[in-house]
Amino acid sequence: LAYANEQNLAVVPQGGNTGLVGGSVPVHDELVLSLLRMNHIEALDTVSGIVTVQAGCVLEQLDQYLAQHGFMVPLDLGA
């Protein structure tokens, strides 16, 4: 990131690459920063319903994990 900043280059972060609208697709000559290996579920607070995940967590895996604990991802993944 320091190099990109010094060279005035744009950076496009890519996580699980599950987006349907192409928000993480580079348009010009941006650098792609893969967050694919940052895919862990860190913690689930079952009292508050707050889950902490890393940036590359795939939503389907998160939804499956939460289902095991009686929760769900409140998103319409196709919208």
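See above for the structure.
First, a word on scope: everything that follows refers to the structure included in this document. (Residues numbered from 1 in each chain as written. Predicted model: local features only at pLDDT ≥ 70, side-chain atom pairs only at ≥ 80, totals over all residues. Heavy atoms only, no water.)

With respect to the overall build of the chain
This is how it is decided: Runs of E in the DSSP output that reach at least two residues are strands. Runs of H or I that reach at least four are helices, and both are numbered from the N terminus. The buried label goes to any residue with under 20% of its type's maximum accessible area, the exposed label to any with over 50%, and the partly exposed label to all in between, with areas taken from a 1.4 Å probe on protein chains only. Note on contacts: a residue pair qualifies if any of its non-hydrogen atoms lie within 4.5 Å across the two residues. The method behind every accessible area is Shrake-Rupley, applied with a 1.4 Å probe, and residues are considered shielded solely by the protein chains displayed.
Along the backbone of the chain there are 2 helices and 4 strands. Helices and strands appear in the chain in the N-to-C order α-β-β-β-β-α. For the chain, buried positions account for 18% of its 79 residues. Taking contacts inside the chain between residues at least 6 apart in sequence as the whole, the part at least 24 apart equals 15%. By element, 54% of the accessible surface of the chain is carried by carbon and sulfur atoms, the whole surface being about 6000 Å².

A closer look at the pairing of strand β4 (residues 50-53)
As a reminder, the rule being used: When DSSP locates at least two bridges between a pair of strands, those strands are taken to pair.
Across 4 bridges, strand β3 (residues 41-45) lies against β4 in antiparallel orientation. Note that in β4 the partner of Ile41 across the bridge is Val53. Remark: 4 residues form the turn of the hairpin made by β3 and β4, two consecutive strands paired antiparallel; Gly49 in that turn has positive phi of roughly 80°.

A look at the nonpolar core
Which entries qualify depends on this criterion: As used in this record, nonpolar core signifies buried Ala, Val, Leu, Ile, Met, Phe, Trp, Tyr and Cys residues forming a set joined through side-chain atoms within 4.5 Å.
Leu44, Cys57, Leu62, Leu66 and Val73 form the largest nonpolar core, which has 5 residues in total. Setting aside its immediate chain neighbours within four residues, Leu44 contacts Ile50, Val51, Tyr65, Leu66, His69 and Phe71.

Side note on unusual backbone geometry
Even without a glycine there, the phi angle at Asn8 is positive, about 60°. Looking at the element boundaries, Asn8 is found in the loop between α1 (2-6) and β1 (11-14).

Quick notes on the side chain of Glu30
Here is the rule: Just so you know, the count uses Lys and Arg for positive and Asp and Glu for negative, and it drops His and the chain ends. By definition here, a salt bridge exists when the distance from a side-chain nitrogen of Lys or Arg to a carboxyl oxygen of Asp or Glu is within 4 Å. Pairs of N or O atoms are called polar contacts if they sit within 3.5 Å, as long as, within protein, a hydrogen donor faces a hydrogen acceptor (for residues adjacent in sequence, only side-chain-to-side-chain pairs).
Position of Glu30 relative to the elements: it lies in the loop between β1 and β2 (31-34). Although buried, Glu30 forms no salt bridge, and the nearest oppositely charged side chain, Arg37, lies 22 Å from it. At 2.8 Å, the side chain of Glu30 forms a polar contact with the backbone nitrogen of His28.

Some words on the environment of His28
As for its placement among the helices and strands, His28 is situated in the loop between β1 and β2. Taking C-alpha positions, His28 is 9.2 Å from Ala10, a pair spaced 18 residues apart along the chain.

Points about the environment of Leu59
Mapped onto the elements of the fold, Leu59 is located in helix α2 (residues 59-67). Once the C-alpha coordinates of Leu59 and Asn39 are considered, the two residues, 20 residues apart in sequence, prove to be 9.9 Å apart.

Things to note about a nonpolar patch on the surface
Heads up, the rule is: What makes a patch is a set of residues exposed beyond 30% relative accessible area and free of salt bridges, joined within 9 Å when like-charged and within 5 Å when nonpolar (Val, Leu, Ile, Met, Phe, Trp, Tyr).
Together, Leu1, Tyr3, Val11, Leu31 and Leu33 give the surface a local cluster of nonpolar side chains, amounting to about 480 Å² of exposed area. For Leu1, the location among the structural elements is in the segment before α1. Residue class for Leu1 comes out exposed when judged on its relative accessible area of 72%.

Everything listed is a geometric property; what it means functionally is a separate question.
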